Amino acid sequence: MTAAQTALVIGGGIAGPVAATALTMAGIDAAVYEARPADPASANGIGGSLALEPNGLVALRIVGADDDVRAAAVPITHSIMSIASKPGREMPTPQELGPRQLIDRGALHRILRNRAERAGVRIHNAKKLIHVDEHPAGVTAHFADGTQASADLLIGADGVHSTVRRLIDPKAPSARYLGLLGFEGLVDDAPDTASLEPGAMTFAFGRRAYYLYWKRPDGRIGWGANLPSPQSMTLKEARAVPAEQWLHTLRTAYANDVPGARLAAETTSETLQAVGGLHIMPPVPRWHRGRMALVGDAVHAPSNSTGQGASLAMESAIALARCLRDIPDAAAAFATYERLRRPRVEKIAARGARISHAKAPGPIAQRMMRLMLPVMLATMNVEKTMAAEQRYTIDWNTPLQEDTKTLA
Ligand SMILES: Cc1cc2nc3c(=O)[nH]c(=O)nc-3n(C[C@H](O)[C@H](O)[C@H](O)COP(=O)(O)OP(=O)(O)OC[C@H]3O[C@@H](n4cnc5c(N)ncnc54)[C@H](O)[C@@H]3O)c2cc1C
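Residues numbered from 1 in each chain as written. Predicted model: local features only at pLDDT ≥ 70, side-chain atom pairs only at ≥ 80, totals over all residues. Heavy atoms only, no water.

A. Layout of the pairing of strand E5 (residues 78-83). Of all six residues in E5, five are buried, a share of seventy percent or more. In this structure, E5 lies alongside strand E14 (residues 200-205), joined through six bridges in parallel fashion. What sits directly across from Ser82, in E14, is Ala204. Where E5 meets strand E6 (residues 89-91), three bridges bridge the pair, whose relative direction is antiparallel. Each bridged residue has a counterpart across the sheet, and for Met81 the counterpart in E6 is Arg89. In sequence, E5 turns back onto E6 through a hairpin of five residues, with Ala84 there showing a positive phi of about 50°. (Buried < 20%, exposed > 50% of the residue type's maximum accessible area, 1.4 Å probe, protein only. Helix = DSSP H or I, 4+ residues; strand = E, 2+ residues; numbered from the N terminus. Pairing = 2+ DSSP bridges.)

Laid out in structure tokens, this is it:
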């Protein structure tokens, strides 16, 4: 295969615009095709907030979007863990790496898309990929509206329910539902949260469900709920349920939690956002085939408990572009990309799977957790766990050696 000149990037969420920007920086002309219609007001339809870890900020620096993200985000300087409404304990964090940044998902999308457009990327909305024709000279993508587009390569950045993953390998695993539905709400400050400092985020294991909350710069409290539910729901299905009905369910689930009960009680149908089922990706056997490769949640969605989904998605997008920049044969570049990225993302996914199991503990497990927490926090090796994960950087400026044995 000769060096690629053009690429179609399927998906305009987080990995897609970053991949397209990095590909353009690597000398490959890239265009993004996003299924959703342009809808900046509704955060690409999804809403809610995202925390980006220091390694995600380093990735953003490579594509020149870190300053814009920091300007729109809130730094989270303290993390607190609380079990069954007992006073929370501060979790150790690797301070020297800088704080994680909490940003509105819609703001992040806008920043990444604007950055891509400034780099020369064309973004096409309302283009849902349904099929790909592969031919010796390239690929042709077919969209639900009957249009098509051709290029040398096709990059699937189409999220956890990826169509490209299935086109690469019809036997590819599907996303696994975590048994939790996601929600985000907003309430005014009140006595039981008045002591919260801006920049402090509390991860709370409630009596029946897990939740997290933080004080926003405007003084209000943002909170996210992970509601156990045997049945998954798409975003559309979750939003078809009247908000008042969800609020009733959330108020019941958090009735015995402080401040969970008040957060649920005071959230209104206007400030509640349902996200739908939370999913992870089990290991994906084929990351690429022929002229197609996957990035982001399409190939490695860890549990949201890792706080690493978006950061890893951006890292992989950049790593893929770097491989294509430095290794002319696309198949060899894709293989190197997989070799570089798979161990890291699968290790983080395994850590996330362990945390997710603990999100809905029964009363005995909660008692155990309460007893163990001080010991766990005191003996936690932050350097070995968090810092190693968060210190990761991609050396964009150094050319890759084709001999992958020498790759760091
Ligand atoms: C409730 C919740 C909270 C989370 N919190 C965090 C957090 O705090 N920190 C963090 O790092 N991560 C978090 N995550 C995970 C994070 O959202 C994902 O890891 C991240 O969005 C992955 O980016 P992506 O671009 O790969 O996929 P997505 O953001 O899902 O983007 C995929 C895009 O592809 C489009 N698409 C899908 N199919 C097609 C098609 N056939 N044709 C064209 N376009 C298509 C979609 O419309 C979408 O815009 C959270 C996830 C959830 C659900």
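That shown, we press on.
B. Examining the environment of Ala72 more closely. Among the structural elements, Ala72 can be located in helix H3 (residues 66-72). Sequence separation between Ala72 and Ile111 is 39 residues, and the spatial gap between their C-alpha atoms is 9.1 Å.

C. Spatial organisation of the sheet that holds strand E12 (residues 153-156). Read from one edge to the other, the open sheet built from six strands follows the order E8-E2-E1-E12-E19-E18, with strand pairing classed as mixed. Each having just a single partner strand, strand E8 (122-124) and strand E18 (288-289) make up the two edges of the open sheet. In terms of strand pairing, E18 meets strand E19 (residues 292-294) through two bridges, oriented antiparallel. Following the sheet pairing, His288 is matched in E19 by Ala293. Against the sheet, helix H1 (residues 15-25) makes contact with strand E1 (6-10), strand E2 (29-33) and E12, and its axis sits at roughly 170° relative to E2, the strand it touches most. (Contact = heavy atoms within 4.5 Å. Axes fitted to C-alpha atoms, helices over the stretch in contact; angles between N-to-C directions.)

D. Inspection of the packing of aromatic side chains at higher detail. Summed over all chains, the structure comprises eight aromatic pairs. Three or more aromatic residues link up through ring pairs in this structure, and these residues are Tyr211, Tyr213, Trp223 and Tyr254. Against the face of Trp396 rests Arg325, its NZ or CZ located 4.7 Å from the ring centre. The residue whose ring lies beneath Arg344 is Tyr392, and the NZ or CZ to ring-centre distance is 4.0 Å. (Phe/Tyr/Trp six-rings, centres within 6.5 Å; stacked < 30°, edge-to-face > 60°. Lys NZ or Arg CZ within 6 Å of the ring centre and 35° of its normal.)

E. Fine view of the side chain of His300. Looking at the element boundaries, His300 is found in helix H9 (residues 297-300). Side-chain polar atoms of His300 contact the side chain of Ser316, separated by 2.7 Å. (Polar contact = N/O pair within 3.5 Å; in protein donor to acceptor, adjacent residues only side chain to side chain.)

F. Molecular detail of the pattern of salt bridges. Per the counting criterion, the structure on display carries 18 salt bridges. We note a salt bridge from Lys127 to Asp145, for which the minimum N-O separation is 2.6 Å. Taken together, the residues span a long stretch of sequence, with Lys127 in the loop between E8 and strand E9 (129-135) and Asp145 in the loop between strand E10 (138-143) and strand E11 (148-151) at a distance of 18 residues. Overall, Asp145 belongs to the partly exposed group, its relative accessible area being 42%. Salt bridges sharing partners connect three or more residues here, namely Arg61, Asp66, Asp67 and Arg70. (Salt bridge = Lys/Arg side-chain N within 4 Å of Asp/Glu carboxyl O.)

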